[in-house]
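Summary of the model geometry
Next come the chains, spelled out residue by residue.
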Amino acid sequence: MGLQKFEGRLERIVDGTFSKAFRGDLHPVEIGRRLTREMDLKRRLGVHGLLAPNSFVIYLSSADFGRFESFLDALVRELEEAAREHARTEEYVFVGPVTVSVVEDPGERRGRFSIESDVHEGPAGLTAASIVLADGERIVLGADPVTIGRLPESTVVVSDPNASRRHAEIRRSGNGVVVIDLDSTNGTRVNGIPVRERTLVDGDEIVVGTTFLRFETS
């Protein structure tokens, strides 16, 4: 299912010419399949569950790199999302943010590619955690809290009249992550439930005023 969504999103990116553009050539979904298989092959038991690689370098031939170059940034974003979706499906955990790099390898043959994967810890050894905004922007949660509100110095600035100037913050707490309402006027909700402070789990939906955010550990 994750790879079908991956292919569908990429098809929209290249204006519906996806199938024709790659007929008989290396198809991006092949890279997606290999990447998720790499996660399966290199998973191992960690402290908090099945640990999977979160850092990937993909080596393409010069010919294939040239064909992909016009939408390389979009391809990287979609491959990173495919890795996160696969981790959620298989209940893998990451110790740092997912990163994908696509590089040109003049020694690689057209239609062939290779992948190197590794486990890279996040900043200060923190486990992976991020906030996904409505437009798809991803904010990786480090040691400092993520502040949300109408103040321009907030990490997430919302121009929502239903949000307070200092509305809420999301911070590390031990091995977990919590959202804290900062005495806002209209309150903070997690999955539709008003909260003052709550430990977040993967996929939780946070609502500040009428602004939606999603918490992810993958």
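Worth saying up front: this structure is predicted, and the values here are computed from it rather than measured. (Residues numbered from 1 in each chain as written. Predicted model: local features only at pLDDT ≥ 70, side-chain atom pairs only at ≥ 80, totals over all residues. Heavy atoms only, no water.)

Looking only at helices and strands, one finds five helices and 17 strands in the chain. Counting contacts in the chain only where the partners sit at least 6 residues apart, residues at least 24 apart contribute 57% of the total. Surface exposure of the chain reaches about 11400 Å², of which carbon and sulfur atoms provide 47%. (Helix = DSSP H or I, 4+ residues; strand = E, 2+ residues; numbered from the N terminus. Contact = heavy atoms within 4.5 Å. Areas by Shrake-Rupley, 256 points an atom, 1.4 Å probe, with all protein chains shown as cover.)

Strand order across the open sheet formed by three strands is E1-E2-E4, with mixed pairing between neighbours. Edge positions in the sheet fall to strand E1 (44–46) and strand E4 (92–93), since each has one partner strand and no second. Both strand E2 (residues 49–51) and E4 contribute to a ladder of two bridges, which runs parallel. Its bridge partner lying in E4, Leu 51 is registered against Val 93. (Pairing = 2+ DSSP bridges.)

As a further point, take the pairing of strand E7 (residues 130–133). Burial along E7 is two-sided: the residues Ser 130 and Val 132 and Ile 131 and Leu 133 are all buried. Two elements, E7 and strand E8 (residues 138–140), share three bridges in a ladder whose sense is antiparallel. Along E8, the bridge assignment pairs Val 132 with Arg 138. Linking two consecutive strands that pair antiparallel, namely E7 and E8, is a turn of four residues; a positive phi of about 95° is found at Gly 136 within it. Bridging between E7 and strand E17 (residues 211–216) involves four bridges; their strand directions are antiparallel. Bridged to Ser 130 within E17 is Glu 216. (Buried < 20%, exposed > 50% of the residue type's maximum accessible area, 1.4 Å probe, protein only.)

Core analysis: the biggest nonpolar cluster contains 25 residues, and Leu 35, Met 39, Ile 58 and Leu 60 have the highest contact counts within it. For this core, the elements supplying multiple residues, two or more each, are helix H3 (28–42), strand E3 (55–60), helix H4 (62–68), helix H5 (72–90), strand E5 (99–104) and strand E6 (113–118). If you tally residues by element for this core, the top one is H5, at six residues. For Leu 35, the contacting residues outside a window of four places in its chain are Phe 56, Ile 58, Leu 79, Ala 83, Val 100 and Ile 115. Counting residues in each nonpolar core, the second largest holds 20 residues, with Ala 129, Val 156, Val 177 and Val 195 among its members. (Core = buried A, V, L, I, M, F, W, Y, C linked by side-chain atoms within 4.5 Å.)

A separate point is the side chain of Ser 55. For Ser 55, the location among the structural elements is in strand E3. A distance of 3.4 Å separates a polar atom in the side chain of Ser 55 from a polar atom in the side chain of His 120. Not counting residues within four places of it along the chain, the set of residues in contact with Ser 55 comprises Thr 99, Glu 116, Ser 117, Asp 118 and His 120. (Polar contact = N/O pair within 3.5 Å; in protein donor to acceptor, adjacent residues only side chain to side chain.)

Right, let's talk about the sheet that holds E8 for a bit. Strand order in the open sheet formed by six strands is E8-E7-E17-E16-E13-E14, with antiparallel pairing between adjacent strands. Where the open sheet ends on each side, the last strands, each with one partner, are E8 and strand E14 (193–195). The mean inter-strand angle of the sheet, taken between neighbouring strand axes irrespective of direction, is 30°. Pairing geometry for strand E13 (residues 188–190) and strand E16 (residues 205–208), over three bridges, is antiparallel. Bridging from a neighbouring strand, Thr 188 pairs with Val 208 of E16. (Axes fitted to C-alpha atoms, helices over the stretch in contact; angles between N-to-C directions.)

The next point concerns the environment of Thr 99. Within the fold, Thr 99 resides in strand E5. For Thr 99, the contacting residues outside a window of four places in its chain are Asn 54, Ser 55, Phe 56 and Glu 80.

What follows concerns the packing of H3 against H5. Where H3 contacts H5, the two axes come as close as 10 Å, and the packing angle between them is 40°. Taken together, the axis directions place H3 and H5 in an arrangement best described as oblique. Relative to H5, H3 is oriented so that their crossing is right-handed. The segment H3 lies against H5, with Pro 28, Ile 31, Gly 32, Leu 35, Thr 36, Met 39 and Asp 40 engaging Leu 75, Leu 79, Ala 82, Ala 83, His 86, Ala 87 and Glu 90. (Parallel < 35°, antiparallel > 145°, perpendicular 65-115°, else oblique. Left-handed = near helix turned anticlockwise from the far one by under 90°.)

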